[in-house]
Amino acid sequence: MNPQRAWEIAHNQLEIQFDRASFDTWLKNITFLDYDDRQGVFTLGVHNSYALDMLQHRLYRNVSRVLSDSFGQDIHIQFELTKKPPITMPMQQMPEQNVDMPMFQYMARQPQQPTQPLHQQVAQPQWDDLPESELNPRFTFDRFIVNRANYMVYEAARAVADSPNGGYNPLMIYGSVGLGKTHLLQAIANDCRTRGLKIVYVPSEAFVNDLVMAIRRKQQAMFREKYRRADVLLVDDVQFIAGKESTQEEFFHTFNALYTFNKQIILASDRHPDELTTLEDRLRSRFAGGLIVDVQPPEFETRVAILEMWAQERGTTLDTPTLEMIADRAPANIRELEGVFNQIMAKVRFAPGEMTTERVERTLNHFSQPRNHFAPITLQRVLEATAQQFRMEPSAITGKRRTKKVNIARQVAMYVAREMTDASLPQIGDAFGGRTHSTVLHSCNKITDEMEYDLGVREHVERIQQILIGD
């Protein structure tokens, strides 16, 4: 297969497999650059250094697996940063030997009559590789359910959003995982951005990665310009800079520069500053110099209200006993609550029918049990479930008959096997009558495309998944 086409197919598959926020953040802007057929290496372009680090260290296996499947053979991936094309202008009487020198390159790109003196232009460098603040539009104040336990932190966040540097500078929000710290930080950022303020929202890990990249490229001045020109700087999970001396040094000076010019600083951490024992004293004292508020676990009534809001957003109605049952299963934090809620929504989608209280309880019991309590989904079970759905013998699916009904059943079975088991393409091909891995891949791609417009194919797939998952 053509490498460019293989990447296009893989890119579409990745969009299906990842949730929208993750795909848009890390995968959407990847571009195909080159393929080395001698070494089997794809070269893919990435839009910024933060995405590059995420793809190389966390998502490499996911991308490599999908691309190998679409290409039909094992491959390796090399990610490269893609630069914006340089501004090209006629070289005005420039000596040939000086073209490769950075300063002469810079001067050659300037108009003949610059509107600013050259020293002012050089003093305002831009670093295209630094990621812009990537905010989740769902994280707003309207979607943050307020109750007695989190009223204080909510009001503090609203006050800072309404009037940056109005007295609460810095604002530090701390609390355990999954309680809404990131939601509040991004709600402030979204609110300030709508009023035209320069926002820099960054997880501390991204701050560290940017600093490392700046040191490696000798571009510390550009790094500082990026962060110190912000009107509002929001740093999430700031506890991760503890113990990193160079990062703490740079953050200390960034903090002072922003604070001196009355810029708002907002921090989030999983602990109170006094408990960050490996954080430098000068930073701890500055963190403690503003307003420190904590986020508490949501009360039962709050969890019910959150679930009701989520159900309305999904266009689903759940009765009060069902909402209370779900809320009772996840008392610790919002993230766990969302996981339980998504389990119920998946049951509604894949197993249509009335969502009774008994059915919800049965689903939640399955969700809370270890996975090895379930019978594993094997290729044989997929074959049997498909045969049951299409009302034919399993031997017909694995045999050589090529009637329209048998072909559809065989392709659907291969698609479901690919989605719901860990079997490789060759293993799936062997289980379905000794088909080649390219045949399996073609079947999976075909069913993926047909499910977009053929309701009959989609219904077959969902009913087979229902049989395998159980009700």
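Shown above is the structure to which this text applies.
Since the structure is predicted, the reported quantities are computational estimates derived from the model, not experimental observations. (Residues numbered from 1 in each chain as written. Predicted model: local features only at pLDDT ≥ 70, side-chain atom pairs only at ≥ 80, totals over all residues. Heavy atoms only, no water.)

## Quick look at the overall build of the protein chain
Part 1 of the argument: Helix and strand content of the protein chain: 22 helices and 8 strands.
Part 2 of the argument: For the protein chain, the proportion of its 471 residues judged to be buried stands at 45%.
Part 3 of the argument: Within the protein chain, contacts between residues at least 6 apart in sequence are counted, and of these 71% link residues at least 24 apart.
Part 4 of the argument: Entry remark: accessible area of the protein chain is about 25,200 Å², with carbon and sulfur atoms responsible for 49%. (Helix = DSSP H or I, 4+ residues; strand = E, 2+ residues; numbered from the N terminus. Buried < 20%, exposed > 50% of the residue type's maximum accessible area, 1.4 Å probe, protein only. Contact = heavy atoms within 4.5 Å. Areas by Shrake-Rupley, 256 points an atom, 1.4 Å probe, with all protein chains shown as cover.)

## Here's the deal with the sheet that holds strand 2 (residues 41-46)
Part 1 of the argument: Taken together, 3 strands build an open sheet; the order of strands is 1-2-3 and the sheet is mixed. Lying at the two open borders of the sheet, with one neighbouring strand each, are strand 1 (31-36) and strand 3 (76-81). Here the strands of the sheet are splayed against their neighbours by 25 degrees on average, with no regard to which way each runs.
Part 2 of the argument: Note that strand 2 and strand 3 share 6 bridges and pair parallel. The partner of Val-46 across the bridge, within strand 3, is Leu-81.
Part 3 of the argument: Against the sheet, helix 3 (residues 49-57) contacts strand 2 and strand 3, and its axis sits at roughly 165 degrees relative to strand 3. (Pairing = 2+ DSSP bridges. Axes fitted to C-alpha atoms, helices over the stretch in contact; angles between N-to-C directions.)

## Overview of the environment of His-47
Part 1 of the argument: By the element assignment, His-47 lies in the loop between strand 2 and helix 3.
Part 2 of the argument: Look at His-47 and you get partly exposed, because its relative accessible area is 24%.
Part 3 of the argument: Between the C-alpha atoms of His-47 and Ile-30, which are 17 residues apart in sequence, the distance is 7.0 Å.

## A few points about the pairing of strand 1
Part 1 of the argument: Examined bridge by bridge, strand 1 and strand 2 share 5 bridges and lie antiparallel to one another. Across the sheet, the residue bridging to Asp-36 is Val-41, located in strand 2.
Part 2 of the argument: In sequence, strand 1 turns back onto strand 2 through a hairpin of 4 residues, with Gly-40 there showing a positive phi of about 65 degrees.

Any functional reading would require information that these geometric values do not contain.
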